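If you want the building blocks of each chain, they are given just below.
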2 protein chains.
Amino acid sequence: MSPQANSQLHQSDVARSSGKSGMSEAVRLFGMPELGAAGMPAERNSEIYGESEPADYVYKVVSGTVRTYRVLSDGRRQISGFHVAGDVFGFELGAEHSDSAEAIVDCNIMFVRRSTLLAASQRNHEIARVLLTMTGHELQRARDHSLLLIKSAHERVASFLLEMAQRLSSKSEIELPMSRQDIADYLGLTIETVSRTLTQLQGEAAIKLLGSRRIVVRNPSALTELDD
Amino acid sequence: MSPQANSQLHQSDVARSSGKSGMSEAVRLFGMPELGAAGMPAERNSEIYGESEPADYVYKVVSGTVRTYRVLSDGRRQISGFHVAGDVFGFELGAEHSDSAEAIVDCNIMFVRRSTLLAASQRNHEIARVLLTMTGHELQRARDHSLLLIKSAHERVASFLLEMAQRLSSKSEIELPMSRQDIADYLGLTIETVSRTLTQLQGEAAIKLLGSRRIVVRNPSALTELDD
DNA sequence: CGTCAAGTTGAGGTTCCTCAACGCGGGTGG
DNA sequence: CCACCCGCGTTGAGGAACCTCAACTTGACG
């Protein structure tokens, strides 16, 4: 599925994204009238773009959560990142996407043409700077993810919970939009190991499970010790 | 160790870097007179910059091989990349380096001030474009590295050999500049597992070991099958 | 020829995966 | 309204992959 001209949301609807600290530059970027950003809904589990499709658009999450992932020939899937409101995804340097993107829950998405963005960056230094900063942030996240993958299962789950607590909740209670399978594929573990580890963390009084997707961080320092 | 004004190599000495396909843009970048690139030697195992030091310089390998890495609090080390002649490293968006860099063998290194580079990119669209492309390449490599880390030991070692064969040799014979410990820390394995896996690959007639650092790829397709 | 770092090999242990059964909850149809 | 079903999650038992610890080998260099 590629974005069509039938943008079913008005810009005014999608412009009030949450835009957490740090990434607010990307919010401004999509708000620039010269880029002609449009909006569209993406329903749960629908594909936004696929690996090796032409990378003609760059996307921003307005609401909901998106996963980007790559699959190996034998079907193993690695989720390279979760993208929440305010996050930009799908920006590539090559002509084709190197990963796929799917909505985890019903989402609202904005998009701009990549060619428009690149052309604008030739004229506008500010846009060029934001593009570089965005790519640099992605690089940072990719490296953090690599570092995550050399840790033990306990440490990976703890790091994941801290990351999610920081990114999608202000309080200590986390509402996870993704399934155990998504978490497992992000952490390079199996769903059973993720489940067992969460149970263990609860046993250590580090967290409390309120239903499978609601988690309270009870003892953040216990998680932080596992994180670094 | 930070680069000093005492550039002990003339530009003419260091300008003839090998500059393999693709990354040749970076070569041109360091050749631009307005950037005032300078050169320096870096001897085997010496630090080029350290984690959380100010990221005042951007570097390019002229000759030799460099490792960049991060360490966890308990001493585990992850090598995020090996950098050979023509590769750029040490470019950060933040004020501080997020990894460390060391020369694996005696190297010649060029460097430019980051502030000079960023200032130049404001005036020169070509430089801005090269910076973005460079960062994008790094992003691609970081993601490939993440994907590597979810594979089995066999697959990781095979992928590593293919990567090295492609990057630092034209023939099928590879001369590895790095130790087993470096390889292990790059692949998220132990030296024993790396050693055993190489022995096994030799047993499967996929490779031939000529001394610990010289390897002949005997059956590339056997490695490629493990790679994707 | 001796020394020392680097690499290899072996034995045993730990972590995580695999396969399987069971539990829970939300939706649908009788 | 209840019963059933089905996807999702949890728990258990056993096995495979990789790690740890230790001994031995190799090769480079004085």
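Rules used throughout
Residues numbered from 1 in each chain as written. Chains lettered and ligands numbered in written order. Predicted model: local features only at pLDDT ≥ 70, side-chain atom pairs only at ≥ 80, totals over all residues. Heavy atoms only, no water. Least-squares fit on C-alpha atoms with pLDDT ≥ 70 in both. Contact = heavy atoms within 4.5 Å. Near = heavy atom within 4 Å. Polar contact = N/O pair within 3.5 Å; in protein donor to acceptor, adjacent residues only side chain to side chain. Helix = DSSP H or I, 4+ residues; strand = E, 2+ residues; numbered from the N terminus. Nonpolar A, V, L, I, M, F, W, Y, C, P; charged D, E, K, R; others polar. Buried < 20%, exposed > 50% of the residue type's maximum accessible area, 1.4 Å probe, protein only. Pairing = 2+ DSSP bridges. Buried area = accessible area lost by both parts, 1.4 Å probe. Salt bridge = Lys/Arg side-chain N within 4 Å of Asp/Glu carboxyl O. Axes fitted to C-alpha atoms, helices over the stretch in contact; angles between N-to-C directions.

Visitor: What am I meant to see in the relation of the copies chain A and chain B here?
Guide: Both copies of the chain are related through a single rotation about an axis accompanied by a shift along the same axis. Note on the identical chains: chain A maps onto chain B by a rotation of 180° and an axial translation of 0.0 Å, with an RMSD of 0.0 Å. Here the copies are linked by what is in effect a two-fold axis. A share of 100% of the interface residues of chain A reappears at the interface of chain B, consistent with the copies meeting face to face through the same patch.

Visitor: Sorry if this is basic, but what is going on with the protein's contact with DNA strand C here?
Guide: Among the 16 residues in the neighbourhood of DNA strand C, the closest are listed as Thr193(A), Arg180(B), Ser195(B), Arg196(B) and Thr199(B). Counting only atoms of DNA strand C within 4 Å of the protein, the fraction found in sugar and phosphate groups is 67%. Contact between DNA strand C and Arg196(A): a base oxygen at 2.9 Å from a side-chain N or O atom of the residue. Of all the secondary structure elements, the ones that give two or more residues to the surface near DNA strand C are helix 7 (191-203) of chain A together with helix 7 (191-203) of chain B. Sort the elements by how many residues they give to the surface near DNA strand C and helix 7 of chain B lands first, with 4 residues. Residue classes in the surface near DNA strand C are distributed as 2 nonpolar, 8 polar and 6 charged.

Visitor: What exactly am I supposed to notice about the pairing of strand 4 (residues 66-71) of chain A here?
Guide: Regular strands place side chains that alternate from one sheet face to the opposite one. All names here are of chain A. In terms of burial, strand 4 is largely enclosed, as 5 of its 6 residues are buried. Across 6 bridges, strand 4 lies against strand 5 (residues 77-83) in antiparallel orientation. Bridging across to strand 5, tyrosine 69 finds its partner in isoleucine 79. What sits between the antiparallel neighbours strand 4 and strand 5 is a turn of 5 residues, in which glycine 75 has the positive phi angle 100°. Where strand 4 meets strand 7 (residues 100-103), 4 bridges bridge the pair, whose relative direction is antiparallel. Note on strand 7: the bridge partner recorded for threonine 68 is alanine 101.

Visitor: Explain the interface of chain A and chain B here, please?
Guide: A common measure of how large an interface is: the accessible area buried when the components associate. At the junction of the two partners, chain A supplies 37 residues and chain B supplies 38 residues. When chain A packs against chain B, close to 3400 Å² is buried across both sides, 58% of that on carbon and sulfur atoms. Along the contact surface separating chain A from chain B lie 7 salt bridges. A salt bridge links Asp99(B) to Arg143(A), with the shortest nitrogen-to-oxygen separation between them at 4.0 Å. Between chain A and chain B we count 13 residue pairs in polar contact (both at pLDDT 80 or more) in total. Counting residues per element, the ones that place at least two in the side of chain A that touches chain B are helix 3 (114-123) and helix 4 (125-148) of chain A. Per-class residue counts for the side of chain A that touches chain B are 11 nonpolar, 15 polar and 11 charged.

Visitor: Would you mind going over the protein's contact with DNA strand D with me for this structure?
Guide: Every one of the 16 residues lining DNA strand D counts as a neighbour, but Arg180(A), Arg196(A), Thr199(A), Ala153(B) and Thr193(B) are closest to it. Near the protein, meaning within 4 Å, the atoms of DNA strand D are sugar or phosphate in a fraction of 66%, with bases accounting for the rest. Between DNA strand D and the protein, one listed contact pairs a base oxygen with a side-chain N or O atom of Arg196(B) at 2.9 Å. Of all the secondary structure elements, the ones that give two or more residues to the surface near DNA strand D are helix 7 of chain A together with helix 7 of chain B. At 4 residues, helix 7 of chain A tops the list of elements feeding residues into the surface near DNA strand D. Here the residues of the surface near DNA strand D sort into 2 nonpolar, 8 polar and 6 charged.

Visitor: Is there a simple way to think about the side chain of Lys151(B) in this case?
Guide: Structurally, Lys151(B) can be placed in the loop between helix 4 (125-148) and helix 5 (153-168). Excluding residues that lie within four positions of it along the chain, Lys151(B) makes contacts with Leu72(A), Arg76(A), Arg156(B), Ser159(B) and Asp227(B).

Visitor: It is not clear to me how the sheet that holds strand 11 (residues 214-217) of chain A should be interpreted in this structure. Could you clarify?
Guide: Note on sheets: strands pair through backbone hydrogen bonds, and any given pair is parallel or antiparallel. Residue and element names in this part refer to chain A. In space, the 3 strands of this open sheet follow the order 9-11-10, with antiparallel pairing throughout. Edge positions in the sheet fall to strand 9 (173-175) and strand 10 (207-209), since each of these pairs with one other strand and no more. Taken over all neighbouring pairs, the strand axes of this sheet differ in orientation by 20° on average, direction set aside. In this structure, strand 10 lies alongside strand 11, joined through 3 bridges in antiparallel fashion. Bridge pairing in strand 11 places leucine 209 opposite isoleucine 215. Those strands touched by helix 5 (residues 153-168) are strand 9, strand 10 and strand 11, and its axis lies near 85° from that of strand 9.

Visitor: How should the environment of His137(A) be read in this particular structure?
Guide: Residue and element names in this part refer to chain A. Within the element layout of this structure, histidine 137 appears in helix 4. What makes histidine 137 partly exposed here is its relative accessible area of 34%. Spatially, the C-alpha atom of histidine 137 lies 19 Å from that of aspartate 228, the residues being 91 residues apart in sequence.

Visitor: Quick question: what am I supposed to make of unusual backbone geometry here?
Guide: Negative phi characterises most residues that are not glycine, and trans characterises most peptide bonds. Residue and element names in this part refer to chain A. Of note in this structure, asparagine 45 is not a glycine but carries a positive phi near 70°. In this structure, asparagine 45 sits in the loop between strand 1 (38-42) and strand 2 (47-49). With phi around 65°, alanine 205 is a residue other than glycine that occupies positive phi space.

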